[in-house]
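Structural overview for review
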Amino acid sequence: MISRLRTWGRGALEAFLAMAIYTVTLGVCMALMLLIISIEEGGPSLSIATVPLTETLILLTEGCGFTAGSLTLTIIPLLLTIGMIWLIRALVSRFGTSTGGWCLGTLTWMVMNLIILQGTQAVQVDTTPAILFKTALVFLIGYLLALVTSEGFHDWWESTVQAGIPSWLRRSVRLGLSWGTALAGGFLLMGLITLICWLALYHDAVGRLFHLARMGTASSVVTSIASLAWLPTMVIWAFSWLLADGFAIGDLASFTLWSGHAKSLPSVPLFGLFPDPVTNSQVRTLLLNIPLLAGLILGFLLLLGPRSYRLIATVRKHGVLSRTVIKRFLLATLAMVLAWLICLVISILLFALSNGALGTQRLASVGVSVSASGKMIAISLGMGLITSWIMTILAGSLLVLWNQVESHIQKEGALVTGLTGQDDDDQTRKQRGEDTREGDETHPTDHGNRDGNESKPGQDPVREPRRIVSSETQKHQGPTSGRARSAKSKNHFPNQ
C-alpha cells in the first residue's frame with residue numbers, strides 16, 4: 001500500500017515540478033522583457049504586469065486563447081508548447097511511469113491550471129471544461145511520450161506486439177511510418193528555409209514597421225526574441241505557401257505563390273515578413289510540383305531502394321513473375337500507402353495547430369485553409385507515388401515481354417540449327433551412297449585384272465564372267481560340280 005501511494009505521489013510530483021519550472025522560467029523572461037521595454041520607453045514600470053501576463057501566456061501555451069480589449073489571440077505559441085511537453089516528458093522519464101501516477105499527475109496538473117485560470121486578468125475564449133480538457137491533453141501527451149520511450153515499454157512491445165505480427169508485415173509498416181514522418185519533416189525543413197529567405201528579403205520592411213511603432217533598438221530586439229515563440233507557426237505557414245494553398249490573415253490578405261499583398265494589414269512588425277507572389281510561372285510550377293517529385297522519388301526508393309525491397313536484385317535472382325517478386329511488390333505498395341497517409345495526417349494536424357485568431361471580425365480566421373492545403377498535398381504526393389508505381393509495373397511488363405521474345409528467338413534459332421544439321425546429314429549420306437555405288441561398278445574388273453585373266457581378242461568381257469569359288473566350296477562340290485561347270489561352259493560358248 002505504501003509503495004502504491006509512493007508511486008501515485010511521484011505522478012503528482014512530476015506534474016507539480018513541471019508546472020513550477022515552466023512558470024518560473026517564463027515569468028523571469030517576461031519580467032526581464034518588460035523591464036527592458038520600460039527602461040527604454042520610459043513612463044510607468046511594466047513589471048507589475050509580469051504575473052498576470054505569465055499566467056495568460058501559460059494558458060495560451062496549452063491552447064487556451066484570451067481576449068484583452070480589442071485583441072483576441074488564439075494562435076498557439078508552438079515553440080513554448082513543445083518546450084512544456086518536453087519538460088513533462090523529461091520529468092516523467094526521470095521519476096518513472098505508472099497508471100496511478102498518470103491519473104494523480106493529470107489531476108494535479110488540472111488543479112494547478114484551474115488556479116492559474118482564477119488569477120489571470122484576461123477573459124478566456126474557451127469555457128472552463130474546455131480549458132481543463134486542453135490542459136489535461138498537454139500533460140497526457142508528455143506522459144505518453146515518456147512511456148513510449150521507456151525501456152519497459154520497449155521490452156513489452158518486442159515480446160507481446162511484435163511477436164504476434166509477421167516480420168514481413170512489421171517491416172512494411174515500419175518503412176511506411178518512418179518514410180511518411182521523414183517526408184513531413186522534409187516539408188517542414190523546406191518551410192524553414194523559405195522563412196529564412198523571407199527574413200533575408202524582407203527584413204527592411206520589418207525594420208520600417210518597428211520604426212513606425214516608435215520602438216527603440218532594445219525594444220525591437222526583445223520583441224523579435226519574444227516572437228520566436230511563434231517560429232513553428234511561421235514555418236508551417238511558409239510550408240503551406242511553398243507547397244500548398246498558402247495562408248490568409250483573416251479577410252484582409254491572403255498569400256500564395258501567385259497572389260499576395262500586405263497593404264491592408266495592421267502595423268505588426270512580424271507581418272513585414274510576408275512574401276510577394278512569385279512572378280516567374282516556371283518557378284511557380286516547379287515549386288507547386290515539389291510534393292509530386294517527392295512522391296515519385298519516395299516511391300522508387302521504397303520499390304527499388306537498397307534499404308527497402310530491392311526489386312531489381314530480386315528480379316535478377318528469382319525472375320520477374322516469381323512469387324517473391326510479387327510479394328515484395330505488394331509489401332512495397334503497402335509501405336507507400338502508409339507513408340502517404342502518415343505524411344498527410346501530420347500535415348493536416350500541423351495546419352490545424354497553426355491556425356487561430358487575432359480579432360473577432362475580419363481577423364477572426366488567421367492561418368492555413370486546412371481542407372484546401374490538405375487536398376493539394378494529398379493529390380500531388382499521391383500522383384507522385386502512383387506514377388512511380390505504374391512505371392515500375394510497366395518496366396516489369398516490358399521485361400516479361402522481352403524475356404518471352406528472347407526465349408522465342410532462341411527456340412527459333414535452335415530449330416533452324418537442327419534443320420540445317422539434318423540437311424547436312426542427308427547430303428553426307430547421299431554422297432556416301434554415290435561413292436559406294438561407284439565402287440561396286442568398278443569392283444569386278446578390278447578382280448579380273450588381279451587374277452591375271454585378261455580378256456582375249458574377239459571376246460566380250462561382259463559375257464565372260466569369271467566365277468570365283470573358294471577352295472572350301474570346291475571340296476564340298478567335288479568332281480560332279482567340276483563336270484557340271486564344264487558342261488555349262490560348253491553350252492554357253494558353242495563356238496569354242
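**Focus: the sheet that holds strand β3 (residues 123-124)**
With antiparallel pairing, the three strands of this open sheet are ordered in space as β2-β1-β3. Each edge of the sheet is formed by a strand with only one pairing partner; in this case those strands are β2 (71-73) and β3.

**Description of a nonpolar patch on the surface**
Together, Leu79, Leu189, Leu192, Ile193, Ile196, Val221, Ile225, Leu228 and Leu231 make up a nonpolar patch on the protein surface, roughly 770 Å² of accessible area in all. When contributions to the nonpolar patch are tallied by element, the ones reaching two or more residues are α7 (167-212) and α8 (217-227). With four residues, α7 is the largest single contributor of residues to the nonpolar patch. As for its position among the elements, Ile196 is in helix α7.

**So, the side chain of Thr81**
Positionally, Thr81 belongs in helix α3 (residues 78-95). Ignoring anything within four residues of it in the chain, the contact list for Thr81 reads Thr61 and Ile76.

**Some details on the sheet that holds strand β5 (residues 253-255)**
In spatial order, the strands read β5-β4-β6; together these three strands make up an open sheet with antiparallel pairing. Every other strand in the sheet has two partners, leaving β5 and β6 (366-367) as the edge strands with one partner each. Where strand β4 (residues 247-249) and β5 come together, three bridges link them in antiparallel fashion. Note on β5: the bridge partner recorded for Ala248 is Ser254. In this fold helix α9 (residues 231-243) packs onto β4, β5 and β6, with an angle of close to 125° to the strand it touches most, β4.

**What about the packing of aromatic side chains?**
Under the criterion given, the structure shown has 16 aromatic pairs. Between Phe329 and Trp389 the ring centres are 5.8 Å apart and the planes differ by 25°, which places this aromatic pair in the stacked class. Remark: Trp389 occurs in helix α14 (residues 370-451) and Phe329 occurs in helix α13 (residues 323-353); sequence separation between them is 60 residues. Every member of this aromatic cluster is reached through a ring pair, and the members are Trp198, Trp237, Trp241, Phe247, Phe255, Phe271 and Phe274. We note Arg94 situated over the ring of Phe95; from NZ or CZ to the ring centre the distance is 5.7 Å.

**Remarks on helix α2 (residues 50-61)**
The end-to-end C-alpha separation of α2 is 16 Å, in line with the 16 Å expected for twelve residues at 1.5 Å each. Within α2, ten of the twelve residues are buried, which leaves the element mostly enclosed by the surrounding structure. When α2 is considered as a whole, its buried residues turn out to be Thr50, Pro52, Thr54, Glu55, Thr56, Leu57, Ile58, Leu59, Leu60 and Thr61. Backbone geometry just after α2 places Gly63 at a positive phi near 95°.

**Remarks on the packing of helix α10 (residues 281-288) against helix α11 (residues 290-304)**
Where α10 contacts α11, the two axes come as close as 4 Å, and the packing angle between them is 45°. Taken together, the axes of α10 and α11 lie oblique to each other. Here Leu286, Leu287 and Leu288 of α10 lie close against α11, whose contacting residues are Ile290, Pro291 and Leu293. Residues of the contact of α10 with α11, tallied by class, amount to six nonpolar, no polar and no charged.

**Quick word on unusual backbone geometry**
Even without glycine at this site, Arg214 takes up a positive phi of about 55°. Position of Arg214 relative to the elements: it lies in the loop between α7 and α8. Residue classification places Arg214 among the exposed positions, given a relative accessible area of 75%.

The rules behind these values
Residues numbered from 1 in each chain as written. Predicted model: local features only at pLDDT ≥ 70, side-chain atom pairs only at ≥ 80, totals over all residues. Heavy atoms only, no water. Pairing = 2+ DSSP bridges. Helix = DSSP H or I, 4+ residues; strand = E, 2+ residues; numbered from the N terminus. Patch = residues over 30% accessible without salt bridge, like charges linked within 9 Å, V, L, I, M, F, W, Y side chains within 5 Å. Areas by Shrake-Rupley, 256 points an atom, 1.4 Å probe, with all protein chains shown as cover. Salt bridge = Lys/Arg side-chain N within 4 Å of Asp/Glu carboxyl O. Contact = heavy atoms within 4.5 Å. Axes fitted to C-alpha atoms, helices over the stretch in contact; angles between N-to-C directions. Phe/Tyr/Trp six-rings, centres within 6.5 Å; stacked < 30°, edge-to-face > 60°. Lys NZ or Arg CZ within 6 Å of the ring centre and 35° of its normal. Expected span 1.5 Å × (residues − 1). Buried < 20%, exposed > 50% of the residue type's maximum accessible area, 1.4 Å probe, protein only. Parallel < 35°, antiparallel > 145°, perpendicular 65-115°, else oblique. Nonpolar A, V, L, I, M, F, W, Y, C, P; charged D, E, K, R; others polar.

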